[in-house]
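Structure at a glance
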Amino acid sequence: MDFTILTTAGNIAFYESCEVTEIFLYRKSNNEIFNFFTIAVFEEKPYNGLNECFLGNRISVNNDFGMGIKRYWLTLEEATAKCHSLKTQNKWNGDNIHSTHYEQLKYLPKQYIPSAEGNRINKILKNNYHSGSYIIEFFNETKESVDFLLKTEVINKFNNICEKIKEEIPIDLSVVRDRIGNFIFQFPITIIDIDSKALSTWNGVEIRFAWHNAITSIPDCLVQVESVFDQNYTGATIENYNKTESQKIYVGNLDQTSHIKIWRNDPSLLLCSHKGNYIRNFNLSTAIILPETRIFEIDGEMQKVKVSNRHKNERKEAKIDYVTHINSNLYDQEKQQLERNLSFKQYKKGSDNALEDLQKLIRDKDENGVYLWDPYLSPTDIFKTLFHSQTAGVPLRAIGAVNENIKKVYNQKSKTAAEIISGYKSVLDNPKHNNFQLNLEFRVQHSNYGWDFHDRFLIFPSSKLKKPQVYSLGTSINSYGKTHHILQEVSHSQPIIDAFNELWDSLNHKNCLVWKFPK
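For the structure given in this document, a descriptive report is provided here.

Conventions and cut-offs
- Counting of residues starts from 1 at the beginning of each chain's written sequence and follows it residue by residue.
- Per-residue local features are limited, in this predicted model, to residues with pLDDT of at least 70; the limit for side-chain atom pairs, both in listing and counting, is 80 or more; totals at the level of whole chains, interfaces and linings are taken over all residues.
- Side-chain numbers come from the whole structure's heavy atoms, not from hydrogens or water.
- Helix and strand labels come from DSSP, where a helix needs a run of H or I of at least four residues and a strand needs a run of E of at least two; each type is numbered from the N terminus.
- By definition in these notes, contact holds between two residues if any of their heavy atoms fall within 4.5 Å.
- When a residue's accessible area, from a 1.4 Å probe over protein chains only, is under 20% of the maximum for its type it is buried; when over 50% it is exposed; and in between it is partly exposed.
- Pairing between two strands requires that DSSP report at least two bridges joining them.
- A fitted line through C-alpha atoms represents every axis, and for helices the fit uses only the stretch in contact; the resulting angles, taken between N-to-C directions, go from 0 to 180 degrees.
- Cavities and pockets were defined on a 1 Å grid built from protein atoms only: a cavity is a group of points that admits a 1.4 Å probe but offers it no way out, a pocket is an open group of points flanked by protein on both sides within 12 Å along at least five of seven lines, and a lining residue is one with an atom within 4 Å of any such point.
- Grid points are joined across faces, edges and corners, and a volume is the space filled by probe spheres set on the points.
- The set of buried Ala, Val, Leu, Ile, Met, Phe, Trp, Tyr and Cys residues whose side-chain atoms join them within 4.5 Å is what this entry labels a nonpolar core.
- A pair of Phe, Tyr and Trp rings is counted when the ring centres sit within 6.5 Å of each other, with Trp represented by its six-membered ring. The angle between the planes then sorts it: under 30 degrees is stacked, over 60 is edge-to-face, the rest tilted.
- Ten residue types, Ala, Val, Leu, Ile, Met, Phe, Trp, Tyr, Cys and Pro, are classed as nonpolar, four, Asp, Glu, Lys and Arg, as charged, and the remainder, Gly among them, as polar.
- Within 3.5 Å is the distance limit for a polar contact, defined as a pair of N or O atoms, with the added protein rule that one can donate a hydrogen and the other accept it, and that residues adjacent in sequence qualify only through two side-chain atoms.
- Multiply 1.5 Å by the residue count of a helix minus one, and that product is the helix's expected span.
- Note that the arc is computed from the directions linking the helix axis to the C-beta atoms.

Digging into the environment of I421
Within the secondary structure, I421 is located in helix 9 (residues 417–428). Each C-alpha atom of the pair I421 and E117 lies 50 Å from the other, and the pair is 304 residues apart in sequence. Among all residues touching I421, those that are not within four sequence positions of it are V444, H446, N511, L513 and V514.

Details of the pairing of strand 1 (residues 17–27)
For strand 1, a buried count of 10 out of 11 residues is recorded, marking the element as mostly surrounded by other parts of the structure. Relative to strand 2 (residues 33–43), strand 1 is paired through 10 bridges, and the arrangement is antiparallel. Residue pairing for strand 2: I23 is matched across the bridge by F37. The turn joining strand 1 and strand 2, which pair antiparallel and follow one another in sequence, is formed by 5 residues; a positive phi near 60° is taken by N31.

Notes on the sheet that holds strand 11 (residues 204–211)
By way of backbone hydrogen bonds, the strands of a sheet pair with one another, either parallel or antiparallel. Strand order across the open sheet formed by 3 strands is 10-11-14, with antiparallel pairing between neighbours. This sheet does not close on itself; its edge strands, each paired only once, are strand 10 (192–198) and strand 14 (246–250). With strand direction ignored, the average angle separating the axes of adjacent strands in the sheet is 25°. Across 5 bridges, strand 11 lies against strand 14 in antiparallel orientation. Each residue of the ladder has a partner; that of R208, found in strand 14, is S246.

Re the layout of surface pockets
The volume enclosed by the second largest pocket comes to roughly 400 Å³. What lines the second largest pocket is a set of 21 residues, and nearest its centre among them are N122, L125, K126, N127 and P170.

Quick look at unusual backbone geometry
Backbone torsion omega between D266 and P267 reads -5°, so that peptide bond is classified as cis. Within the element layout of this structure, P267 appears in the loop between strand 15 (257–264) and strand 16 (269–276). With an omega dihedral of 0°, the bond running from F517 to P518 counts as a cis peptide bond. Here P518 is to be found in the segment after strand 26 (513–517). Of note, the phi angle at N127 is positive, near 45°, even though the residue is not glycine. Turning to its location among the elements, N127 is positioned in the loop between strand 7 (105–113) and strand 8 (133–140). Residue N127 is classed as partly exposed on the basis of its relative accessible area of 48%. Even without being a glycine, Q437 presents a positive backbone phi close to 55°.

Things to note about the nonpolar core
Within the largest apolar cluster, 48 residues are counted, with the highest numbers of intra-cluster contacts made by I12, Y134, F185, F187, I207, F209 and I262. Y134 has contacts with L6, I12, K110, Q111, Y112, F185, Q186, F187, I189, L269 and L270, leaving out every residue within four places of it along the chain. Judged by nonpolar contacts, the second largest core, of 38 residues, contains F296, L372, Y424 and V514.

Brief notes about the packing of aromatic side chains
Inspection of every chain in the model, using the stated rule, returns 31 aromatic pairs. Relative to F383, the ring of F296 has its centre 5.9 Å away and its plane inclined at 35°; by these criteria the two rings are tilted. Of this pair, F296 sits in strand 17 (residues 284–298) while F383 sits in helix 7 (residues 379–384), and the two are 87 residues apart along the sequence. For the pair shown, F296 and F383 are each scored as buried. Ring plane angle 80° and centroid distance 4.9 Å describe the contact between F383 and F387, whose orientation is recorded as edge-to-face. Each of the two residues, F383 as well as F387, counts as buried.

A few points about the pairing of strand 10
With 7 bridges joining them, strand 10 and strand 11 adopt antiparallel strand pairing. In the strand pairing of strand 11, A198 is matched with V205. Hairpin geometry of strand 10 and strand 11 is characterised by an intervening segment of 5 residues between the two adjacent antiparallel strands and by a positive phi of about 55° at W202.

Considering empty space enclosed by the protein
On inspection of all chains with the given rule, the structure shows 2 cavities of 30 Å³ or more. By volume, the largest cavity is sized at about 70 Å³. Around the largest cavity, the lining residues are F34, N35, H101, Y102, E103, L105, N140, S145, G181 and F183. Among the residues making up the lining of the largest cavity, the classes are represented as 4 nonpolar, 5 polar and 1 charged. Taken as a whole, the second largest cavity holds about 40 Å³ of empty space. Around the second largest cavity sit K365, N368, G369, F460, P461, K466, K467, P468 and Q469, which together line it.

Observations concerning the side chain of S476
Along the chain, S476 falls in the loop between strand 24 (469–472) and strand 25 (485–490). Taking relative accessible area as the criterion, S476 reaches 2% and is therefore assigned buried. A polar atom in the side chain of S476 sits 2.8 Å from the side chain of D374. At a separation of 2.7 Å, a polar atom in the side chain of S476 contacts the side chain of R456.

So, helix 9
An α-helical turn contains 3.6 residues, so a residue and the one three or four places further along point in the same direction. For helix 9, with 12 residues, the first-to-last C-alpha span of 17 Å sits near the 16 Å given by 1.5 Å per residue. Along helix 9, the residues classified as buried are A417, I420, I421, Y424 and L428. Down the axis, helix 9 shows its buried residues gathered within 100° of arc, on one side only. For helix 9, the elements touching its buried residues are helix 7, helix 8 (404–409), strand 22 (440–445) and strand 26.

What follows is the structure, encoded as structure tokens:
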């Protein structure tokens, strides 16, 4: 039923052919074929023959298996037969080809896949732009024949195979391991395209409609518009489409994310779904490169960093509205209920760009200052990180520590905390440094001052208009790029900044101060 509805001319498109891409495993000993992933994409171009071809070279999987990629075209009737064969016989081929191995497949009814960025399945669909696509999916739930590639201990092998596949076709299976072994029919929606703009009153949208030139009678549709802010619906309505080129839809409030859906009445189909924001105003930040550069020394080599003054184009009469207050809220949830949802980058032993990534983060995000929290922090580590801040005069804070483990690492077991602090100070007081436009303070935890800590964080504090950001470093700066570690952005950052500030205040003592500039 779904297949017939989606392929009927004029319902969502006017299809004339179907492009099939098969990614298959084959057993080297007997050439038995196993489906790795197959996608059949319906197209409006006329059928011009099977045109079967193999794409690229065979991919070596292991001693027992290889992989190939094949592309060809089907007529609508042939594609219909393929779908029927999968649904009734659990086979892609209608004939009894014994060299092909099939596992039990779960038929999933039609799914609408919007063209939204970040949707994983769009990584394996073809050109799912504009109005989106429907898919019919046959899901391999057992994955017996491909399970040896899906085990976590061989994830690197799997990802390498996916990279080789991407070299031949624009399909990224690494992000959809759950779809391995599946068959997907894709039905791109071409019958309609829309764009929209916010009304000048910011209480609705104007939608412009463009219909397929083969449409002889515009179908009856419903227009659904919703405005969502902070996960709340601040406006929503559903109206009948007036069948003109444009239509104004009033929802009451349009200050944040809008959702627009066009529904066809008969048959009941979602024809397009758009999600986005409209720009109401923005703050312009400019930077003036100062004529003098910051000069400092690392391991005998002089370093130069350009410094700039950043100016925000903020009019005095501009007011902070409710949207700004909500967007700059420091806590998404109560501290006890915070969930970990982290983005990360992995560095393996000998990664040359690890410190460069930290320096880039500092340059890009330092407008409100930078805090560095690392128990093994040394002056050299500060030179390699905080000294690369390019915004003039922003507060740069660093917390390190002195304890027996740290003394052992730096071969300073015989020295007192005061002697180590004095040594750090002499390095930072390097007369070759001009410390141009630097605003930095370095404190260390030791003895009974503050409390022991272990985790390492790079912190970018908040302002009224910007939320804070915190990165977990995974290892200390002194071993950055030298050992395996992961740089992780912490989703709920404010509690970490609270903890940093609490420790910072507890170390506000002359015996904890290593170095401060300006004095």
